[in-house]
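Here is how the chains run, residue by residue.
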Amino acid sequence: MIKFQKIVVVVGPTATNKTKLAITIAKEINGEIINADAFQVYKELNIGVNKPTLQELKEATFHLVGNVSILDKWDIKRFQDLANHTINKIYQKNKVPILVGGSHLYVDALINNYDLNESNERTNEFTNLSNDELKNELSKFNIVLANKIGSNRKRLIRALQIMKSGHKIDSKNKSFYGPLYIFCNKPRNQLYEDINKRVDLMIKNGWFEEVNKLISDFPNYIELNAFKAIGYLDIAQGLTHPNKGIDIPKIKQQVRRYAKRQLTWIRHHYMNAYEFNQNNINETIKVIKKWLLK
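Small disclaimer: the values here were computed from a predicted structure and weren't measured.

### Some words on the overall build of the chain
Okay, step 1: Check the secondary structure of the chain and you find 13 helices and 6 strands.
Okay, step 2: Its C-alpha radius of gyration of 19 Å places the chain within 12% of the 19 Å reference for a compact globule of 294 residues.
Okay, step 3: The dimensions of the chain, computed from C-alpha atoms along their principal axes, are 60 × 50 × 35 Å.
Okay, step 4: The buried share among the 294 residues of the chain stands at 48%.
Okay, step 5: Counted over contacts in the chain with a minimum sequence separation of 6, partners at least 24 positions apart contribute 77%.
Okay, step 6: Of the accessible surface of the chain, which amounts to about 15,200 Å², a share of 48% is contributed by carbon and sulfur atoms.
Okay, step 7: Each charge sign in the chain was given a centre, from 45 positive and 29 negative side chains, and these centres are 4 Å apart.

Now the structure itself:
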């Protein structure tokens with residue numbers, strides 16, 4: 001693989017029109033889009049993960065959207081491998097890869113070429129630590145991520161493995177890519193209002209019905225990684241326990257908190273990103289085209 005090939009990376013919190021922007025960019029620069037959302041990759045998840053619509057999928061070439069089953073293994077290592085392979089294919093067609101998504105650890109693992117290969121040494125490195133010790137150790141790398149994971153031991157250990165490898169990139173593991181980060185943003189009040197409206201729209205469009213079919217088709221749904229997507233487990237538990245009900249305000253709050261964590265991550269990791277503020281589309285395209293000519 002050729003090192004330092006250019007790649008456009010569209011980041012931002014949920015509900016900031018990242019997909020729409022990526023499609024516009026793809027049309028302008030002869031690009032193809034690689035999905036970097038941890039849950040849009042699943043075939044069976046649609047409404048609740050805001051997967052690109054059929055019309056959007058026709059407007060540009062998308063990769064890693066709806067191509068694995070929720071019964072398949074999917075993790076950050078498999079994403080990294082498939083994304084690298086996909087980007088190579090895009091380069092071979094003399095097109096520009098456009099990475100887009102809100103799973104920013106996935107973005108970093110790809111762009112910074114984290115060493116995610118399993119090894120007994122790395123697997124056992126943290127097993128003797130308590131959950132509190134694991135969280136404290138992870139906080140040294142990323143306090144936002146540590147707070148997000150909480151006391152989930154398996155995820156704490158895996159995040160530590162990823163972060164430690166990411167901070168120990170040697171000369172053989174430097175990035176293959178030279179990225180231009182485009183930060184999709186909105187005023188905070190507008191963002192939260194749009195998130196609330198989006199949740200309402202997803203429910204109107206059949207999110208409950210989608211979850212109901214999933215719990216019917218997959219009785220062991222509670223064990224599936226796909227049900228870690230915000231709202232799915234809450235809705236499933238509400239549907240299977242009618243007396244409990246579905247707490248829609250709670251789901252909206254979870255999405256707003258997720259957006260806040262995404263913003264914190266972006267401001268700590270992508271300080272030099274060009275900001276797309278929902279209005280400056282022409283200027284954004286000019287910046288990208290000028291960067292591609294360098």
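Moving on from the model shown.
### Brief notes about the pattern of salt bridges
Okay, step 1: Summed over all chains, the structure comprises 11 salt bridges.
Okay, step 2: Across the salt bridge formed by Lys289 and Glu28, the nearest N and O atoms sit 3.1 Å from each other. Here Glu28 lies in helix α1 (residues 18-29) and Lys289 lies in helix α13 (residues 281-292), a separation of 261 residues in the sequence.
Okay, step 3: Residue class for Glu28 comes out partly exposed when judged on its relative accessible area of 42%.
Okay, step 4: The residue Lys213 makes a salt bridge to Asp217 at a minimum N-O spacing of 2.6 Å. In this pair, Lys213 and Asp217 are both assigned in helix α10 (residues 207-217), 4 residues apart and thus about one turn of the helix distant.
Okay, step 5: Each of Glu32, Lys93 and Lys95 takes part in salt bridges that share partners, so that together they form one network.

### As for the sheet that holds strand β3 (residues 62-63)
Okay, step 1: Read from one edge to the other, the open sheet built from 6 strands follows the order β3-β2-β4-β1-β5-β6, with strand pairing classed as parallel. Strands at the two margins of the open sheet, each flanked by one partner only, are β3 and β6 (274-276).
Okay, step 2: Judged from the 7 bridges that link them, strand β1 (residues 5-11) and strand β5 (residues 177-184) form a sheet pairing that is parallel. Bridged to Ile7 within β5 is Pro179.
Okay, step 3: Set on the sheet, helix α3 (residues 76-92) makes contact with β1, β2 (31-35), β3, β4 (96-100) and β5; between it and β2 the angle comes to about 175°.
Okay, step 4: Lying over the sheet, α13 contacts β1, β4, β5 and β6, oriented at roughly 175° with respect to β5.

### Re the packing of aromatic side chains
Okay, step 1: For the coordinates displayed, the defined rule picks out 7 aromatic pairs.
Okay, step 2: Ring centres 5.0 Å apart and planes at 40° place the aromatic pair Phe79 and Tyr106 in the tilted group. Highlighted residues: Phe79 in helix α3 and Tyr106 in helix α4 (residues 104-111), separated in sequence by 27 residues. One exposure class covers both Phe79 and Tyr106, and it is buried.

### Considerations on the pairing of β1
Okay, step 1: Of all 7 residues in β1, 5 are buried, a share of seventy percent or more.
Okay, step 2: Sheet analysis places β1 next to β4, joined by 3 bridges and oriented parallel. Bridge assignment links Val9 to a residue of β4, and that residue is Leu99.

### Considering a positive patch on the surface
Okay, step 1: On the surface, a cluster of positive charge is made up of Lys148, Lys154, Arg155 and Lys228.
Okay, step 2: Looking at the element boundaries, Lys148 is found in helix α7 (residues 143-149).
Okay, step 3: According to the relative accessible area criterion, Lys148 is partly exposed, its value standing at 36%.

### Considerations on α4
Okay, step 1: By the criterion of burial, α4 is predominantly enclosed, with 8 of the 8 residues buried.
Okay, step 2: Buried within α4 we find His104, Leu105, Tyr106, Val107, Asp108, Ala109, Leu110 and Ile111.
Okay, step 3: Just past α4, the residue Asn113 takes up positive phi, approximately 55°.

### Remarks on the nonpolar core
Okay, step 1: Of all hydrophobic cores here, the largest spans 72 residues; its most connected members are Tyr42, Leu45, Phe79, Leu99, Trp207, Phe227 and Tyr232.
Okay, step 2: With near-sequence residues (within four places) excluded, Leu45 lies in contact with Phe39, Lys51, Ile70, Glu210, Leu214, Ala226, Ala229 and Tyr232.
Okay, step 3: Formed by 22 residues, the second largest nonpolar core is a distinct cluster that contains Ile25, Ile29, Val100 and Trp291.

### A word on unusual backbone geometry
Okay, step 1: The backbone phi angle of Asn17 is positive, close to 65°, even though this residue is not glycine.
Okay, step 2: Along the chain, the position of Asn17 falls in the loop between β1 and α1.
Okay, step 3: Classification of Asn17 as partly exposed rests on a relative accessible area of 33%.

Parameters and conventions
- Residues numbered from 1 in each chain as written.
- Predicted model: local features only at pLDDT ≥ 70, side-chain atom pairs only at ≥ 80, totals over all residues.
- Heavy atoms only, no water.
- Helix = DSSP H or I, 4+ residues; strand = E, 2+ residues; numbered from the N terminus.
- Rg over C-alpha atoms; globule rule 2.2 N^0.38 Å.
- Buried < 20%, exposed > 50% of the residue type's maximum accessible area, 1.4 Å probe, protein only.
- Contact = heavy atoms within 4.5 Å.
- Areas by Shrake-Rupley, 256 points an atom, 1.4 Å probe, with all protein chains shown as cover.
- Lys, Arg positive; Asp, Glu negative; His and termini not counted.
- Charge placed at Lys NZ, Arg CZ, Asp CG, Glu CD.
- Salt bridge = Lys/Arg side-chain N within 4 Å of Asp/Glu carboxyl O.
- Pairing = 2+ DSSP bridges.
- Axes fitted to C-alpha atoms, helices over the stretch in contact; angles between N-to-C directions.
- Phe/Tyr/Trp six-rings, centres within 6.5 Å; stacked < 30°, edge-to-face > 60°.
- Patch = residues over 30% accessible without salt bridge, like charges linked within 9 Å, V, L, I, M, F, W, Y side chains within 5 Å.
- Core = buried A, V, L, I, M, F, W, Y, C linked by side-chain atoms within 4.5 Å.

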